[in-house]
Amino acid sequence: TSRKIAEALNLDGVLSPTLHKKKYFNQRHQSIDNELAHLWKPETIRSMLTNRVYIGDMVQGRTKKVNYKSQKTLSVPKENWIIVEGTHEPIIDAQIFHKVQALLEKRISTRVKTFDYLLKGLLLCSECKKKLSVTSSRRKDGYAYFVRCTTNDRFSKLNVCSAHCMKLDTITEIVLSELRVISPLVLNEDTLKTLAQKELAKQKPNPKHRSEHSELVEALNALHRKIDMLYDDRQSGFINEDDFIRLYDSKQKEKQQLCDRIKTSEASDHANGADQADDRHDIHKMIADLINLEHPTKNVMTSLIDKVEITKEKNIIIFYTFHNRTNHDDGFRV
């Protein structure tokens, strides 16, 4: 597997691509100071095994920019890549390369991860700062879930980081217990209201509706001007009657579509106004949930907790979203 190949290269002390470029070409990658930069990784191996450049082909168009203003790129489906065969001398036999591709295809996992939990996305390793993963162990009475450091899992034979293995239920109970003690002491009414409003705002759609409505109205006004110009051109004899009727019908259809979209937008505005009373009710409900923590949800947890770090010694450090005397820069240790 790619993981075993990476482990073998790391154990043999073979330079990773990043360090190879630094040593022989004086190229300094932005992650060179990262303690993991010198290691071979499974994804690097897989990228090399699937790279057609080694069999003499040139591949372009694997990614594309979202737009010319943005640096963000998107992956392009493989069938849309631009591949030119035989552009240079190969260093890998094509037959061997395609056998490897067939083997890799058989290893593609189709398992869908559906497990969800209260602290999902909040648990971090305090050493490498990576997200902690959750693994399951089957027991007689069902499944037990444990958190582990993903860095340690990937480089277990090299003793990179540590396992941080703890029962998920234990961590959850400790965090909730601390929250129930601290929240009533430090969260006043104003703070609770602010937290509730922020959390509810995350659940609302992005407020671009008003600008979209204005754009629709402006487009309708521009269309009216074009229709007026059509009349002027017909009166002046610049276009004949057949062309005028064809263009006029097209503009009328476009006008109807814009009018329908504007009506939909205005109906949405009315509904949003009616929802304001519901929003006030939701805020009060959220505040009650923040105080009681009887039935905590993920929304409540993310509104109170920024992150939870697990140390090598299995200490738990809670970083809250609010500031108080027990929530220092290094978090609140449990």
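Residues numbered from 1 in each chain as written. Predicted model: local features only at pLDDT ≥ 70, side-chain atom pairs only at ≥ 80, totals over all residues. Heavy atoms only, no water.

A. Structural context of the state of the cysteines. Taken as a whole and judged by the stated rule, the model has zero disulfides. With no disulfide of its own, Cys128 lies closest to Cys125 among cysteine sulfurs, the gap being 3.6 Å. Residue Cys128 is classed as buried on the basis of its relative accessible area of 14%. (Disulfide = S-S within 2.5 Å. Buried < 20%, exposed > 50% of the residue type's maximum accessible area, 1.4 Å probe, protein only.)

B. View of unusual backbone geometry. One non-glycine residue, Lys129, lies in the positive phi region at around 65°. Structurally, the position occupied by Lys129 is in the loop between strand E5 (123-125) and strand E6 (132-139). Under the relative-accessibility criterion, Lys129 is labelled partly exposed at 48%. A positive phi is found at Lys314, a non-glycine position, where the angle reads about 70°. (Helix = DSSP H or I, 4+ residues; strand = E, 2+ residues; numbered from the N terminus.)

C. Just the nonpolar core, in detail. Formed by 27 residues in total, the largest nonpolar core has its most connected members in Leu119, Leu123, Ile171, Val175, Met301, Ile305 and Ile316. When residues of this core are traced back to their parent elements, those giving at least two are E5, strand E7 (142-149), helix H6 (168-186), helix H11 (298-304), strand E9 (305-310) and strand E10 (316-320). The element best represented in this core is H6, accounting for six residues. Ignoring anything within four residues of it in the chain, the contact list for Ile171 reads Leu119, Leu123, Val147, Met166, Ile310 and Ile316. (Core = buried A, V, L, I, M, F, W, Y, C linked by side-chain atoms within 4.5 Å. Contact = heavy atoms within 4.5 Å.)

D. Representation of the environment of Ser183 in the model. Mapped onto the secondary structure, Ser183 falls in helix H6. Separated by 121 residues in the primary sequence, Ser183 and Leu304 have C-alpha atoms spaced 8.7 Å apart.

E. Representation of the pairing of E10. The buried count for E10 comes to five of five residues, which makes it a mostly enclosed element. Both faces of E10 are covered, namely the face carrying Ile316, Ile318 and Tyr320 and the face carrying Ile317 and Phe319. Two elements, E9 and E10, share five bridges in a ladder whose sense is antiparallel. The residue bridging Glu309 from the neighbouring strand is Ile317, located in E10. Connecting the antiparallel pair E9 and E10 is a turn made up of five residues, with Lys314 showing a positive phi of about 70°. (Pairing = 2+ DSSP bridges.)

F. A look at the sheet that holds E7. Ordered by their spatial adjacency, three strands build an open sheet running E6-E7-E8, and the pairing between neighbours is antiparallel. Strand pairing shows two members of the sheet lacking a second neighbour, E6 and strand E8 (166-167), which therefore form its edges. Here two bridges tie E7 to E8, and the two strands are oriented antiparallel to one another. In the strand pairing of E8, Val147 is matched with Met166.

G. View of the side chain of Glu309. The residue Glu309 is located in strand E9 in this model. Within polar-contact distance, the side chain of Glu309 engages the side chain of Lys129 at 3.2 Å. Separated by 3.5 Å, the side chains of Glu309 and Lys307 make a polar contact. For Glu309, the contacting residues outside a window of four places in its chain are Leu124, Ser126, Lys129, Asn315, Ile316, Ile317 and Phe319. (Polar contact = N/O pair within 3.5 Å; in protein donor to acceptor, adjacent residues only side chain to side chain.)

H. Molecular detail of the pattern of salt bridges. Inspection of the entire model under this criterion finds six salt bridges. The partner of Arg225 in a salt bridge is Glu218, with the nearest N and O atoms 3.5 Å apart. Judged by relative accessible area, Arg225 falls into the partly exposed class, the value being 45%. On the basis of relative accessible area, Glu218 is assigned to the partly exposed category, the value being 44%. Here the salt bridges share partners, and the residues they tie into one network are Arg52, Asp57 and Glu85. (Salt bridge = Lys/Arg side-chain N within 4 Å of Asp/Glu carboxyl O.)

I. Structural context of the packing of aromatic side chains. In the structure shown here, the tally under the stated rule is zero aromatic pairs. Over the ring of Trp81 we find Arg62; its NZ or CZ atom is 5.9 Å from the centre of that ring. We note Lys307 situated over the ring of Phe319; from NZ or CZ to the ring centre the distance is 4.6 Å. (Phe/Tyr/Trp six-rings, centres within 6.5 Å; stacked < 30°, edge-to-face > 60°. Lys NZ or Arg CZ within 6 Å of the ring centre and 35° of its normal.)

J. Inspection of the environment of Met48 at higher detail. Along the chain, Met48 turns up in helix H3 (residues 42-49). It is 10.0 Å that separates the C-alpha atoms of Met48 and Ser2, two residues lying 46 residues apart in sequence. Other than its neighbours up to four places away in sequence, Met48 contacts Trp40 and Tyr54.

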